[in-house]
Amino acid sequence: MFRTRFAPSPTGYMHIGNLRTALYAYLIAKKAKGVFILRIEDTDQKRNVSDALDAIYNGLALAGITYDEGPDKDGGHGPYVQSQRKAIYGQYAHQLIDQGDAYYCFCQKEDRPEPGDERDEERRDPCRNLSPAEVQDYFDQGIQPVVRQRIPLEGTSSFFDHVYGDISIENKQLDDQVLLKSDGFPTYNFANVVDDHLMAISHVIRGQEYLSSTPKYNLLYEAFGWQYPEYIHLPHIIKEDGKKLSKRAGDPTFEDLVNMGFLPAAIVNYVALLGWNPGDEREIFSMEELIEAFDMDRISKSSAAFSMDKLRWINGEHIRALSPDAFHEVALPWYGDALRGFDLQQISQLIQIRTDCLGDIPEMLAFLAELPEYDIALFENQKSKSSLESSKAILEAVIPVLEKQEDFSNAALFETLKLYAKESGNKVGTTMWPIRTALSGAPASPGGATELASLLGKEETLRRLRLGLEKLLA
RNA sequence: GCCCCUAUGGUCUAGCGGUUAGGACGCAGCCCUUUCAAGGCUAAAACCCGGGUUCGAGUCCCGGUAGGGGCACCA
């Protein structure tokens, strides 16, 4: 039985790297018809943010990643919040001390050498060899110790990782890491091992930054006589300039992207592709398709750069794949008050294919509510064989035609204007250009002349056309 | 300082000893067209460097270089 877990610490938001870790852990479990677990790693008392739990729940729900066991979903392996498991860690730490695989350390933080000091020779802690009497003595002085892991002086620790292959590190490179802090809480280094074992996690999926600590965790598994899990360490996600993603530098979190107008499903789709590919040339995936296609042995080793351009494209593909009704629903919140009175359904129909990101909508439609200032140079367009003169003539001729037009539906308008073009000997494009331009005041618009006219209605259409003509006559 | 990892176009990637080095985003051009999109077609663009191994290396080995990560009473 595959059992994977996502184990975030409650920092208040879900960044892209976390989202991908959660997603891969979910996909690996679901692919194997296994169980996906949410565990909260809140052992750092200084770092807990209120409401942070909600951010995790909301983020996962938004992403469509559902867990089978978690803080609010007992699966018999709880509690799923590490701060509620304090007694468990204490008990296991004492077992290690009794076995000689861990020891009390009474050093103060300041006593520890800095990296870069001559720590290669003697990186072992002075408390490593304290006699029972000395330990007792310290206790009698009321000093609160930490518990450190006793790493073997000799030998090499090796393990297999599904992404990075065989990794091997000499034990002498490993630190006697702290297992239990002086406040009695475990460190991540200890809690993750105890919890992963107790929760029967079969596959550990986490960031690459844990790769070189994994031998220490395996030593712990061995000390307990536990079997260790399979490992899947994930390369980092970086920016296109090679720097790392950071909220501080203004890089968007998952929630930010959603607020910017990206579909959660598209973000999930894109993030899945950051470091993994299906082995064929598909790029657009639903969650179900991802589950079907995912293969942990096809995860790449090198870090991947997050590309807004590619996200936009994938988002556009997801938007275009929506049914018209579904698109209308997601687009609606972006229309705002300025578009009151317009046929929003018709607008949705017009812009769906042209929308890469919902956040583009307000700007794309701004001209509807208010005609922008524009230069008459816009009436000149080579491709439409449109000049200032032709535009003036066409506008002059077309205004009376449209004044008589009763049916302002797109189809009817198009018939009328096409007929006019034919009779006047103008090309359709040449006829439409000045109309489209006068109606939008922009070099490009989400719809052609008749589509805009139909949207704007007869009165406003005529008003804008006359305005355009005035500009040309001036 | 010590240790671990990585390295194919600008970006994401396929490749797993013999390929015209494939695809996608982006970029440029063309077609389509009621402007723009969308769609179709075309183009430019890559195996970090140096040694080996081999008949033959992007692919295997070693060494550089560059980048990332770790060496916390943070996770």
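Up top is the structure.
A quick note: this is a predicted structure, and the numbers were derived from the prediction, not measured. (Residues numbered from 1 in each chain as written. Chains lettered and ligands numbered in written order. Predicted model: local features only at pLDDT ≥ 70, side-chain atom pairs only at ≥ 80, totals over all residues. Heavy atoms only, no water.)

K.L.:
I'd like to hear about the overall build of chain A, residue by residue, with values.
P.N.:
The helix and strand tally for chain A stands at 17 helices and 11 strands. In terms of C-alpha radius of gyration, chain A reaches 32 Å, well past the compact-globule figure of 23 Å for 474 residues. Projected onto its principal axes, the C-alpha positions of chain A cover 110 × 45 × 35 Å. Residue burial in chain A is summarised as follows: out of 474 residues, 49% are buried. Of the contacts made within chain A by residues no fewer than 6 positions apart, 74% connect residues no fewer than 24 positions apart. When the accessible area of chain A is evaluated, it comes to approximately 23000 Å², of which 50% is carbon and sulfur surface. In chain A, the 50 positive side-chain charges and the 72 negative ones have mean positions that sit 4 Å from each other. (Helix = DSSP H or I, 4+ residues; strand = E, 2+ residues; numbered from the N terminus. Rg over C-alpha atoms; globule rule 2.2 N^0.38 Å. Buried < 20%, exposed > 50% of the residue type's maximum accessible area, 1.4 Å probe, protein only. Contact = heavy atoms within 4.5 Å. Areas by Shrake-Rupley, 256 points an atom, 1.4 Å probe, with all protein chains shown as cover. Lys, Arg positive; Asp, Glu negative; His and termini not counted. Charge placed at Lys NZ, Arg CZ, Asp CG, Glu CD.)

K.L.:
Account for the side chain of Thr43, with residues named and values stated.
P.N.:
Position of Thr43 relative to the elements: it lies in the loop between strand S2 (35-38) and helix H2 (52-63). When near neighbours in sequence (up to four residues on either side) are disregarded, Thr43 contacts Gln82, Lys181, Phe185, Pro186 and Tyr188.

K.L.:
Quick one: what's the story with the protein's contact with RNA strand B, residue by residue and with numbers?
P.N.:
Around RNA strand B, 68 residues are found, and the nearest of them are Asp175, Glu283, Arg354, Ala449 and Thr450. Near the protein, within 4 Å, the atoms of RNA strand B are sugar or phosphate in 70% of cases. Within the side chain of Gln173, a nitrogen or oxygen atom sits 2.9 Å from a sugar or linking oxygen of RNA strand B. The separation between a sugar or linking oxygen of RNA strand B and a polar main-chain atom of Pro443 is 2.9 Å. Sorting the residues of the surface near RNA strand B by element identifies strand S4 (146-149), strand S6 (165-170), helix H5 (188-198), strand S11 (304-305), helix H10 (308-321), helix H15 (410-424), helix H16 (428-440) and helix H17 (449-473) as the ones contributing at least two each. Here the surface near RNA strand B gets 5 residues from one element, more than from any other, and that element is H10. Counted by class, the surface near RNA strand B contains 22 nonpolar, 22 polar and 24 charged residues. (Near = heavy atom within 4 Å. Polar contact = N/O pair within 3.5 Å; in protein donor to acceptor, adjacent residues only side chain to side chain. Nonpolar A, V, L, I, M, F, W, Y, C, P; charged D, E, K, R; others polar.)

K.L.:
Which residues make up the side chain of Arg85, and what values go with them?
P.N.:
Mapped onto the elements of the fold, Arg85 is located in the loop between H2 and helix H3 (86-99). For Arg85, a relative accessible area of 2% gives the class buried. Within the structure, Arg85 has its side chain in polar contact with the backbone oxygen of Pro79 (distance 2.8 Å). The residues contacting Arg85, other than those within four sequence positions of it, are His77, Gly78, Pro79, Asp195, Leu198 and Met199.

K.L.:
Explain the nonpolar core residue by residue, including any values.
P.N.:
Across soluble globular proteins, nonpolar side chains show a tendency to be buried alongside one another. In this structure, Ile65 and Phe190 are the most contacted members of the largest nonpolar core, which totals 131 residues. For this core, the leading source of residues is helix H1 (residues 16-31), giving 10 residues. Residues contacting Phe190, with those up to four places away along its chain left out, are Tyr89, Tyr92, Ala93, Leu96, Leu179, Leu180, Leu220 and Phe224. Of all hydrophobic cores here, the second largest spans 5 residues; its members include Tyr103, Cys105, Cys107 and Cys127. (Core = buried A, V, L, I, M, F, W, Y, C linked by side-chain atoms within 4.5 Å.)

K.L.:
Got a sec to walk through the packing of helix H8 (residues 264-272) against H10? Specific residues and values, please.
P.N.:
Here H8 crosses H10 at 130°, and the two axes come no closer than 9 Å. When the axes of H8 and H10 are compared, the pair comes out oblique. Seen from above, H8 lies across H10 with right-handed handedness. Across the interface between the two elements, Ala265, Ala266, Ile267, Asn269 and Tyr270 from H8 touch Lys310, Leu311, Ile314, Asn315 and His318 from H10. Of the residues that constitute the contact of H8 with H10, the class distribution is 6 nonpolar, 3 polar and 1 charged. (Axes fitted to C-alpha atoms, helices over the stretch in contact; angles between N-to-C directions. Parallel < 35°, antiparallel > 145°, perpendicular 65-115°, else oblique. Left-handed = near helix turned anticlockwise from the far one by under 90°.)

K.L.:
For the sheet that holds S4, give the residues involved together with the corresponding values.
P.N.:
Judged by pairing direction, the sheet is antiparallel, and its 3 strands sit side by side in the order S3-S4-S7 without closing on themselves. The strands lining the two open edges of the sheet, one partner per strand, are strand S3 (102-105) and strand S7 (178-180). Averaged over all adjacent pairs, the angle separating strand axes in this sheet is 45°, with direction ignored. Across 2 bridges, the pairing between S4 and S7 is antiparallel. The partner of Val147 across the bridge, within S7, is Leu180. (Pairing = 2+ DSSP bridges.)

K.L.:
Report on the environment of Leu371, specifying residues and quantitative values.
P.N.:
Its place among the elements puts Leu371 in the loop between helix H13 (361-369) and helix H14 (388-404). You can call Leu371 buried: its relative accessible area is 15%. If we ignore the near neighbours within four places in the chain, the residues touching Leu371 are Ala438, Leu439, Ser440, Gly441, Arg464 and Leu467.

K.L.:
Tell me about the packing of H1 against H8, and please be specific about residues and values.
P.N.:
Here H1 crosses H8 at 80°, and the two axes come no closer than 10 Å. The angle between H1 and H8 falls in the class roughly perpendicular. Contacts from Ile16, Leu19, Arg20, Leu23 and Tyr24 of H1 reach H8 at Ile267, Val268, Val271 and Ala272. Its residues assigned to classes, the contact of H1 with H8 comprises 8 nonpolar, no polar and 1 charged.

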